[in-house]
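# Report on the structure
Listed below, chain by chain, are the residues.
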Amino acid sequence: MRNFELYVPTKVIFGEGEIQKLKTEVPADKKILLLYGGGSIKKNGIYEQVISALEQHEVVEFSGIEANPEYTTLLKALEVIKSENIGFMLAVGGGSVIDGVKFLASAALYEGDNPWDILARKIRTFKGLPFGTVLTLPATGSEMNSGAVVSRSETNEKLVMGGPGLFPKFSICDPTVVRSIPTRQLANGIADAYTHVLEQYMTYPAHAPLQDRFSEAILQTLIEIAPTVMKDPNNYKAAANFMWCCTMALNGYIQKGVPTDWSIHVIAHELTAFYGIDHARTLAVILPSAYTKKFEQKKEKLAQYAERIFNMQDGTLEEKAKFAIHKTEEFYQSLGIKTRLRDYTDTYEGFSHKVAKSLTEHGLTALGEHQDITPEIAAEIVEMAY
Ligand code: NZQ
Ligand code: ZN
């Protein structure tokens, strides 16, 4: 096992009815900026619960953070933070709102001239404006990690940022929010969390059986609960397990002491940047060809995954590993997610070159657990996914 440091300071408050705890968790001596998305929280009762819990607080609102949060929108929120002298932010939403707020936490204290540099120049954030979250969509794990992804559609860019100053102070995770989530977003959440686990698991054996089994437990649980969550989002038991799986998939625990990949995410972000495809769907498009391309390096873990998750005991290592890729693609499809780029756009010819160019421009030239996925190889992976 590799050496590691584990620092996850976010307080998680989990369960039905816990949104009212905002009353005591949100500091009373600071002006609060409440941030949310396109308005789903006004239709499902979450907004009322938040406002009622914060009735003793001084609250300013900013709404309209879109899915795949846009840099230009966030700059408007940044102006509000400065003009209103905001001391604490509350993100109420899914990964997009939470990530947008993480960008703002960093940008509010950033001393440079151009906040885009935080993303473009990969500037880590060691101190941010403090914030908490109320999670409305299980998927990204952003509620318990310190990473964020921000989009800039004018330039077809979607970039990652992070740093220890960007952990939420607290996150309230009430599984009853799942009731109002549309089927498409439920599928996205399950697929995103599932892929997060695989990005941290599907590398090579690293003498870390506990981390492997943590990962396998999350995968197995997601497979088990997915049909119920999709059919009946009102099922609290399934929703609670769905929500906790998503948080555990990307809160840092399963990646400690082991190699990680993340090339699927980096390549897939380009599909959102150019075509606006939902994040989780871009992962389902890229993963099968990424694992096929890196088959030799990943086959031992692929075979272990086939044995332990899909119960394939017979056959050679290679047969098991191939079966694992096939079963993963089938799992995405069972959620109604298509796994080819041509299912989402007609204009994919030549796109692989754009991906290679963008990865080169952003210095993303050595991806994967062996840092051997060059922009040219990434382009081949994208072509295999057409
Ligand atoms: O904007 P509103 O009206 O709230 O609607 C949202 C949005 O349209 C809706 N929604 C959220 N909660 C709902 C609901 N609708 C009904 N009932 C509810 N309870 O769902 C739509 C999608 O929301 P979004 O926040 O975009 O989804 P998700 O949580 O999947 O976040 C995706 C973003 O997170 C990034 C992705 O790249 C993408 O930008 N990621 C962030 C990560 C991180 N910070 O660790 C890791 C991930 O890999 C990912 O890259
Ligand atoms: Zn993801």
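Nothing here was measured: the structure is a model prediction, and the numbers come from that model.

Further remarks concern the site of ligand 1. Among the 33 residues in the neighbourhood of ligand 1, the closest are listed as Gly38, Ser40, Gly95, Ser96 and Lys158. Between ligand 1 and Asp99 there is a distance of 2.7 Å, counted from a nitrogen atom to a side-chain nitrogen or oxygen. Here an oxygen atom of ligand 1 and a side-chain polar atom of His269 are 3.4 Å apart. Here ligand 1 has 960 Å² of accessible area as a free molecule, and 88% of this is covered by the chains. Among the elements of the structure, helix 5 (95-109), strand 6 (147-152), helix 7 (183-201) and helix 10 (263-275) are those that each provide at least two residues to the shell around ligand 1. Considering only residue class, the shell around ligand 1 consists of 10 nonpolar, 20 polar and 3 charged.

The next point concerns the coordination of the zinc ion (ligand 2). Around a metal, the ideal angle is 109.5 degrees if four donors adopt a tetrahedral arrangement and 90 or 180 degrees if six donors adopt an octahedral arrangement. At 2.0 to 2.2 Å from the zinc ion (ligand 2) lie its protein donor atoms, namely Asp192 (OD), His196 (NE2), His265 (NE2) and His279 (NE2). As a motif over one chain, the donors of the zinc ion (ligand 2) read D-x3-H-x68-H-x13-H. One end of the pair, His196, is in helix 7; the other, His279, is in helix 11 (residues 279-293), and 83 residues separate them in sequence. Taking the relative accessible area as the measure of exposure, His196 reaches 2% and is therefore buried. The exposure class of His279 is buried, given its relative accessible area of 16%.

What follows concerns helix 13 (residues 317-334). With 18 residues, helix 13 should reach 26 Å at 1.5 Å per residue; the first-to-last C-alpha distance of 25 Å fits that figure. Along helix 13, the residues classified as buried are Lys320, Ala321, Ala324, Ile325, Thr328, Glu329, Phe331 and Tyr332. The inward-facing, buried residues of helix 13 abut helix 7, helix 8 (209-231), helix 11 and helix 12 (295-309).

So, on to the pattern of salt bridges. Side-chain pairs of opposite charge can arise where the charged atoms are in close proximity. All told, the structure shown has 19 salt bridges when counted by the stated rule. Put simply, Glu18 and Lys21 hold a salt bridge, and the shortest N to O gap is 3.0 Å. One salt bridge connects Lys31 with Glu84, and the closest N-O pair in it is separated by 2.7 Å. Of the two residues, Lys31 sits in the loop between helix 1 (22-25) and strand 2 (32-36) while Glu84 sits in the loop between helix 4 (71-83) and strand 4 (88-93), which places them 53 residues apart along the sequence. On the basis of relative accessibility, which here comes to 29%, the residue Glu84 falls in the partly exposed class. Among the charged side chains, a network of salt bridges with common partners joins Arg184, Asp278 and Arg281.

If you walk through the whole model with that rule in mind, you get 0 disulfides. Free cysteine Cys173: the closest other cysteine sulfur is in Cys246, separated by 10 Å. Take Cys173: its relative accessible area is 0%, and that puts it in the buried class. Of all cysteine sulfurs, the one in Cys245 lies closest to Cys246, which takes part in no disulfide; the gap is 6.7 Å.

Moving on, we come to the side chain of Glu329. Take Glu329: it is sitting in helix 13. Here Glu329 is buried and forms no salt bridge, its nearest opposite-charge partner Arg340 lying at an N-O distance of 4.5 Å.

Looking now at the environment of Val101. Locating Val101 in the fold gives a position in helix 5. With 29 residues separating them in the primary sequence, Val101 and Pro130 have C-alpha atoms 9.7 Å apart. Every residue in contact with Val101, bar those within four places of it in the chain, is listed here: Leu35, Met89, Ala91 and Phe131.

What follows covers the packing of aromatic side chains. Taken as a whole, this structure holds 12 aromatic pairs when the rule is applied. With centroids separated by 4.8 Å and ring planes inclined at 65°, the aromatic side chains of Tyr71 and Trp116 adopt a geometry described as edge-to-face. Taken together, the residues Tyr71 in helix 4 and Trp116 in the loop between helix 5 and helix 6 (117-120) connect sequence positions 45 residues apart. What makes Tyr71 buried here is its relative accessible area of 3%. In this structure an aromatic cluster arises from ring pairing among Tyr71, Phe103 and Trp116. Between the NZ or CZ atom of Lys42 and the centre of the ring of Tyr47, over which it lies, the distance is 4.6 Å. Residue placement shows Lys301 over the ring face of Tyr201; its charged tip is 4.3 Å from the ring centre.

Here we take up a nonpolar patch on the surface. Together, Met1, Phe4, Leu6 and Tyr253 line one region of the surface with nonpolar side chains, adding up to about 400 Å² of accessible area. Mapped onto the secondary structure, Met1 falls in the segment before strand 1 (11-14). On the accessibility criterion, Met1 (56% relative accessible area) is exposed.

What follows concerns the packing of helix 12 against helix 13. Geometry of a packed helix pair, given as the angle between the helix axes and the separation of the axes. The geometry of helix 12 relative to helix 13 is characterised by a closest axis approach of 7 Å and an angle of 75° between their N-to-C directions. In terms of orientation, helix 12 and helix 13 fall into the roughly perpendicular class. Judged by residue contacts, Phe295, Lys299, Glu300, Leu302, Ala303, Tyr305, Ala306 and Glu307 of helix 12 engage Leu317, Glu318, Lys320, Ala321, Lys322, Phe323, Ala324, Ile325 and Thr328 from helix 13.

For the rest of this paragraph, the subject is the pairing of strand 4. Consecutive side chains of a regular strand alternate in pointing toward one face of the sheet and then the other. Of all the 6 residues making up strand 4, 6 are buried; the element is thus mostly covered by neighbouring parts of the structure. Of the two faces of strand 4, the one holding Phe88, Leu90 and Val92 and the one holding Met89, Ala91 and Gly93 are both buried throughout. Where strand 2 meets strand 4, 5 bridges bridge the pair, whose relative direction is parallel. What sits directly across from Ile32, in strand 4, is Phe88. Relative to strand 5 (residues 131-135), strand 4 is paired through 5 bridges, and the arrangement is parallel. Residue Ala91 lies in a different strand from strand 5, and its bridge partner there is Thr133.

What counts as what
- Residues numbered from 1 in each chain as written.
- Chains lettered and ligands numbered in written order.
- Predicted model: local features only at pLDDT ≥ 70, side-chain atom pairs only at ≥ 80, totals over all residues.
- Heavy atoms only, no water.
- Near = heavy atom within 4 Å.
- Polar contact = N/O pair within 3.5 Å; in protein donor to acceptor, adjacent residues only side chain to side chain.
- Areas by Shrake-Rupley, 256 points an atom, 1.4 Å probe, with all protein chains shown as cover.
- Helix = DSSP H or I, 4+ residues; strand = E, 2+ residues; numbered from the N terminus.
- Nonpolar A, V, L, I, M, F, W, Y, C, P; charged D, E, K, R; others polar.
- Donors = N, O, S within 2.8 Å, 3.2 Å for Na, K, Ca; no water.
- Buried < 20%, exposed > 50% of the residue type's maximum accessible area, 1.4 Å probe, protein only.
- Expected span 1.5 Å × (residues − 1).
- Contact = heavy atoms within 4.5 Å.
- Salt bridge = Lys/Arg side-chain N within 4 Å of Asp/Glu carboxyl O.
- Disulfide = S-S within 2.5 Å.
- Lys, Arg positive; Asp, Glu negative; His and termini not counted.
- Phe/Tyr/Trp six-rings, centres within 6.5 Å; stacked < 30°, edge-to-face > 60°.
- Lys NZ or Arg CZ within 6 Å of the ring centre and 35° of its normal.
- Patch = residues over 30% accessible without salt bridge, like charges linked within 9 Å, V, L, I, M, F, W, Y side chains within 5 Å.
- Axes fitted to C-alpha atoms, helices over the stretch in contact; angles between N-to-C directions.
- Parallel < 35°, antiparallel > 145°, perpendicular 65-115°, else oblique.
- Pairing = 2+ DSSP bridges.

Interpretation in functional terms is not warranted from these geometric data alone.
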